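Secondary and tertiary structure notes
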Amino acid sequence: LPTSLPTSLPTSLPTTSLPPTSLPTSLPTPRPTSVPTSAPTSLPTTLPTISFAPTKPSLTLTSALVLDGTSKSSWNAAYEETFKQSLVDVSALIESTDDFVGNLTVSDGARRSRTRRRRLQDASVSVSFVVRVDVDTGEDGAVDIDSYVTAFEAELVSATTVDEQTGVSPLDIALQATAEEKGYEVKITADQEASHSMIATETGGVESSRPPTAAPSPAPSTAQPTTPRPTPKPTPGPSVTPGNPTAMPVPAPTLKPTLAPYPLPTPRPSAAPMPVPTIESCEMVRLRTGPPPNVYSARFASTGASILVDLDAASDQAGMLAGEYFPCAELLDFADVDTAECFWVSATQIYAEVNKALDFVPGENVTLRANTTMLACDDDRCECRVRNTASSVPADPPDPLPDVEPVFQVPDSIAVCEEGGLAVEASQSIGSGGREWKQLVWSVNATGPPGPKVNGTANATFALLYMQYRATTVLSSEFTAETTELQALAIGGFDTLVLSLALENFLGSTKTESVEMKLSTKSIPSVLIVGGANQVARVGDALTVEASGLASGCDGRSKAQRAVDYAWNLYRLDGVDDPEEDWTQLAEGAEFVAVGNCECTGTQGFDPWDTSGAECAAAGCVSYPPLNSFALEALEGYLTPEDAASTGNGTRRRLTGSAYPYCQCCEAACASVGGHWECGEAGPEFKLDPFSLDSGTTYVARAEATDTKYDLSNTADVYLAVGVGSVVAAIEGGDRVVSVQDELQLDASSSFDEDINPDCGDGAGDWRANFGRRRLAHNDAHGTRTAGDCGTGDDAGLSFSWICEELEVRDDGEKQVNGSC
C-alpha cells in the first residue's frame, strides 16, 4: 500500500519490491549455514570432498603373563583365542584382537608336569605377547613412551591381582567368560605372583608409525541456498554438532562391556532350545582333549638292565594289557630293539628289558613309532581320536648313577720266588651293569725304602717299564707279573708293588682303586680273601669270610703238599682310617669264639661222612658246607633234634639225598645223640652267627696262613663295614575292609628293628644253642636280657605313634589325602 505521507527525501537507489512468502517454513533447516552464502548455489557438488586424517603415531608394547592350568604341549588355538580376547576385555589400550602382532610365545612354567592329562592342574605356562596400539602425542608432538609403558604395566598388574573377597582376578573372570561364550573347554587362571614378576621384567615399548588413511567426509558438501527471508520461528532444539548425531549430547560411550551378569531379568524368556542337541565336531573334541601321546622321557634303571619310557599323555596302551610282554619293536625303536621285550606299566609308562641290547647306551634315541597308539578314551567321542606321529627322546642314564667298585683278589704279600709269578684277579668287580666294562685300565708302580739300591739296576727299571707297558695295552680283568720281573724288582731295592685299576661302565659310572703288595724274598705262603679285601655285612645276617692259602712252591713241592694251617683274629675299629695300633682286638674266649673244624664223633650208628644226608638230618645236623638253599633253611632255622628227626618234617626230606660229603652238627644236637663234640684247628672260613656284630661299626678279620714245614706265615685282612638296619613298621593283617559300625583295632606289636634279635632265646630254636656257638661273647648278655636287647615291638625298645588320614580315590585311581580321621 502507498504510504500515507510522501517521504521527505528520495531513496538513493530504487527499491525492489519482493513478494513475501506465503507461509513460514514448517521445519527448521537440518543444519544452519555458519556464514550465509551471497547467492544460492545453483547445483550441488557432484562428488564428496575427500579429507585426509592426520597420521596418528602407534606404540608397540610387549609383556608376558603366567597362566596356571595348562602346559605348552596342551596349548592350542582355543587357548590363544581365549587369552587374546580376555586381554582386550581388561585392557583400555588394547582395542581388539587385531592389535596383536605375530603369534604368542608360549613356554612351560616352573610347575610343568610330564603327565598332561592327569596333572594338568599342576602345570603352568608363560605367555609372551606383542601389541600395537594408537597413542596421542604431547604439545611438542612427541610420544611419551615411558608414560604409556607405565600405564600398560599398571593395567596388567591390576588385571592379574586377585580380589581379596572374591578370590579371583579381573583377568580370571574374563578368561572364564570368554571360554564359556565361545564354548571352549579352557580352564586357566592367572598366577598373580609369577605374572607380576614377569610384568616387571618383560614390559616395554617402542614407537612406530602408521600411514595416513584417506577418510571420506560424512556427506557430500552440498551448499544449501539461503532463504530470502529470515525463518519466522527458531528451531525447536539446539542444532546438532558434527560427530554427535543425537539431539542432546551424550557422555562418553562405555569403553568395554561389563563382565558381571546384568542384575535385572530379561524382559522376555529366552528362545526355546533346539529340538536336537548340537554335536561337538571332532575338530573341537581334539582341541579339547589335546594331541595323541608323544614320548616324553626314557631313563635307564640303576642296574642298566632296563629302561622306563614315559609318555606325555594317557594312552590306549596300543590295545594291550598292563604287564603283558610283547616285542619292543612293535611299539618302540632303538639300537638292538629286536633283542628287547616290553610291557605296559600304566597308560603313560612302558618298561623295556634291554640287557641284551648291547649297542643301546645312554644318549641313544628312543622312538615311539608312528600310528601305534592314541589317547585313552575318557568319553563317548572315541571316534574322534587319531593315532600318534613318531616322536623321539635320548635315553638318560640312571639318576643317581650306580656305584662301581673294583674288587681285587690279591695277597697282601708274595714270595718273589713263587713259580708262576703273580696273578691279580678283578673279575668280581661290581657295577658293570651286566656288560663288558667300557674302560678297564691297569696301572703299576713300585716303591721301596730310601737307599742307593732303589732304581739301582737296569733290570729293575726295565722290568717295571715292561709291566707298565703291558698294563696299558692288555685290557683284561687279570694283571700278571712274571717271576723274573718280581725278582728283578726285589734285587733293585723295591719292596712294594702298587696296582691301580680304573673302571667305567656303559652308564658312565667310574671308580679307581689301588692295592699294595709286599715283595718278600722269603718262601712265605700266599693267602688272599675270596671276594676282596672290602666287604659289607648286616647285623641280622650270618657272616662268612673265606680265605684261600697255599704254601710256597719255591722248593718244588706239589700243590697237594702245600696245605697251610689257618688262624683268625677279629678287630674292632673306632674309625675306618684308624692305624693298626689303634685297633681293638677281640680276644679268643673272652669276646670272640674262634671257629674250628668241629664234628660229632663217638655216636652209635651215626656216620658223619654219610653222603645221603639221612643220618645227618636225623641227628639234627646239616650238610657241610651249607651251600644249597635247603641246607641254609635248616641252618638258619636252628632246628632242634626232635624237629629234624620228625618223619613229617619237610626240611628232612629236602636234606635227604644231599651230596655234601661232610655232616656238620651243632653241639646241642651232637649231645642229644650221645656223641662227642670235637673241634680241630680253624679252617679257611670265618663265621659268625646273626646279631654278633654291632651296627654302624667297622671290623677287620685277619686270616693267618702258616706253612708248618718252614714255620713261615702270611696274613690277609678284610675290612667288614656293618651297616645300620631299618625299623620296619608292621600292622597285623595288613589292609582290610571294615564296617562303619564295627570297632577298629590295629596291632603293630610285630614291628621290629633289623639290628635287634627278634628271638630272645626262650623257646625251641634258642639262638644261644645254635651250631658251633659262632658268635661274639657279648651276645651272652641276652641270658639276662633287658628291654631293647631282643624281641619285637615294645620288647625291642620301639616307641609308637599313630596317624589317621582320610584318603580320596580319584577317577584316575590315584589316592590323595583329604583330611584327618
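This one's a predicted model, so the numbers in the text were calculated from it and none came from an experiment.

So, about the pattern of salt bridges. Once their charged atoms are close, side chains differing in charge can pair, the charge on each being opposite to the other. This structure, assessed with the given rule, holds 16 salt bridges. Measuring nitrogen to oxygen at the nearest pair gives 3.2 Å for the salt bridge that ties Arg562 to Glu418. Within this pair, whereas Arg562 is found in the loop between strand 24 (543–550) and strand 25 (565–573), its partner Glu418 is found in the loop between strand 16 (413–415) and strand 17 (422–425), the two being separated by 144 residues in sequence. By relative accessible area, which is 12% here, Arg562 ends up buried. Salt bridges sharing common partners tie together Asp555, Arg557, Asp707 and Lys709.

The next point concerns helix 2 (residues 145–159). The end-to-end C-alpha distance of helix 2 is 21 Å, a good match for the 21 Å that 15 residues give at a rise of 1.5 Å each. For helix 2, the full list of buried residues reads Tyr148, Val149, Phe152, Glu155, Leu156 and Ala159. Along the axis of helix 2, the buried positions cluster into a sector of 125°, meaning they face one direction only. Those residues of helix 2 that are exposed and aimed more than 90 degrees away from the buried face are Asp146 and Thr150.

Now for a negative patch on the surface. Residues Glu139, Asp140, Asp144 and Asp146 make up a contiguous surface patch of negative charge. Along the polypeptide, Asp144 turns up in the loop between strand 4 (124–134) and helix 2.

Turning our attention to helix 7 (residues 483–491). For helix 7, every residue scored as buried is listed here: Thr483, Glu485, Leu486, Ala488, Leu489 and Ala490. Directly beyond the C-terminal end of helix 7, a positive phi value near 100° is found at Gly493.

A separate point is the packing of helix 1 (residues 77–90) against helix 3 (residues 170–182). Packing of helix 1 against helix 3 leaves a shortest axis separation of 8 Å and a crossing angle of 130°. As far as their axial angle goes, helix 3 and helix 1 are oblique. For helix 1 against helix 3, the interelement crossing comes out right-handed. On helix 3, the residues touching Glu81, Thr82, Phe83, Gln85, Ser86, Leu87, Asp89 and Val90 of helix 1 are Pro170, Leu171, Ala174, Leu175, Thr178, Ala179 and Lys182. Classifying every residue of the contact of helix 1 with helix 3 gives eight nonpolar, four polar and three charged.

Within the structure shown, the criterion is met by 16 aromatic pairs. Ring centres of Phe408 and Trp442 lie 6.0 Å apart, and the angle between their planes is 55°; this geometry places the pair in the tilted category. On the criterion of sequence distance, the pair formed by Phe408 in the loop between strand 15 (391–394) and strand 16 and Trp442 in strand 18 (residues 439–447) is long-range, its members being 34 residues apart. Each member of the aromatic cluster is reached from another via a ring pair, and the members are Trp75, Tyr79, Phe83, Phe100, Phe129 and Phe152. It is Arg435 that lies over the ring of Phe506; its NZ or CZ is 3.9 Å from the centre.

We now examine the state of the cysteines. Under the criterion given, the structure shown has four disulfides. Covalently, Cys328 is tied to Cys342 through a disulfide, its sulfur atoms 1.9 Å apart. Every disulfide takes its handedness from the sign of the S-S torsion; for Cys328 and Cys342 that torsion is 110°, giving right-handed. Here Cys342 lies in strand 12 (residues 341–346) and Cys328 lies in the loop between strand 10 (326–327) and strand 11 (332–333), a separation of 14 residues in the sequence. The exposure classification of Cys328 matches that of Cys342, with both residues buried. Residue Cys417 pairs covalently with Cys554 via a disulfide, S to S 1.9 Å.

Cut-offs and rules
- Residues numbered from 1 in each chain as written.
- Predicted model: local features only at pLDDT ≥ 70, side-chain atom pairs only at ≥ 80, totals over all residues.
- Heavy atoms only, no water.
- Salt bridge = Lys/Arg side-chain N within 4 Å of Asp/Glu carboxyl O.
- Helix = DSSP H or I, 4+ residues; strand = E, 2+ residues; numbered from the N terminus.
- Buried < 20%, exposed > 50% of the residue type's maximum accessible area, 1.4 Å probe, protein only.
- Expected span 1.5 Å × (residues − 1).
- Arc of directions from axis to C-beta.
- Patch = residues over 30% accessible without salt bridge, like charges linked within 9 Å, V, L, I, M, F, W, Y side chains within 5 Å.
- Areas by Shrake-Rupley, 256 points an atom, 1.4 Å probe, with all protein chains shown as cover.
- Lys, Arg positive; Asp, Glu negative; His and termini not counted.
- Charge placed at Lys NZ, Arg CZ, Asp CG, Glu CD.
- Axes fitted to C-alpha atoms, helices over the stretch in contact; angles between N-to-C directions.
- Parallel < 35°, antiparallel > 145°, perpendicular 65-115°, else oblique.
- Left-handed = near helix turned anticlockwise from the far one by under 90°.
- Contact = heavy atoms within 4.5 Å.
- Nonpolar A, V, L, I, M, F, W, Y, C, P; charged D, E, K, R; others polar.
- Phe/Tyr/Trp six-rings, centres within 6.5 Å; stacked < 30°, edge-to-face > 60°.
- Lys NZ or Arg CZ within 6 Å of the ring centre and 35° of its normal.
- Disulfide = S-S within 2.5 Å.

So yeah, pure geometry; function would need other evidence.
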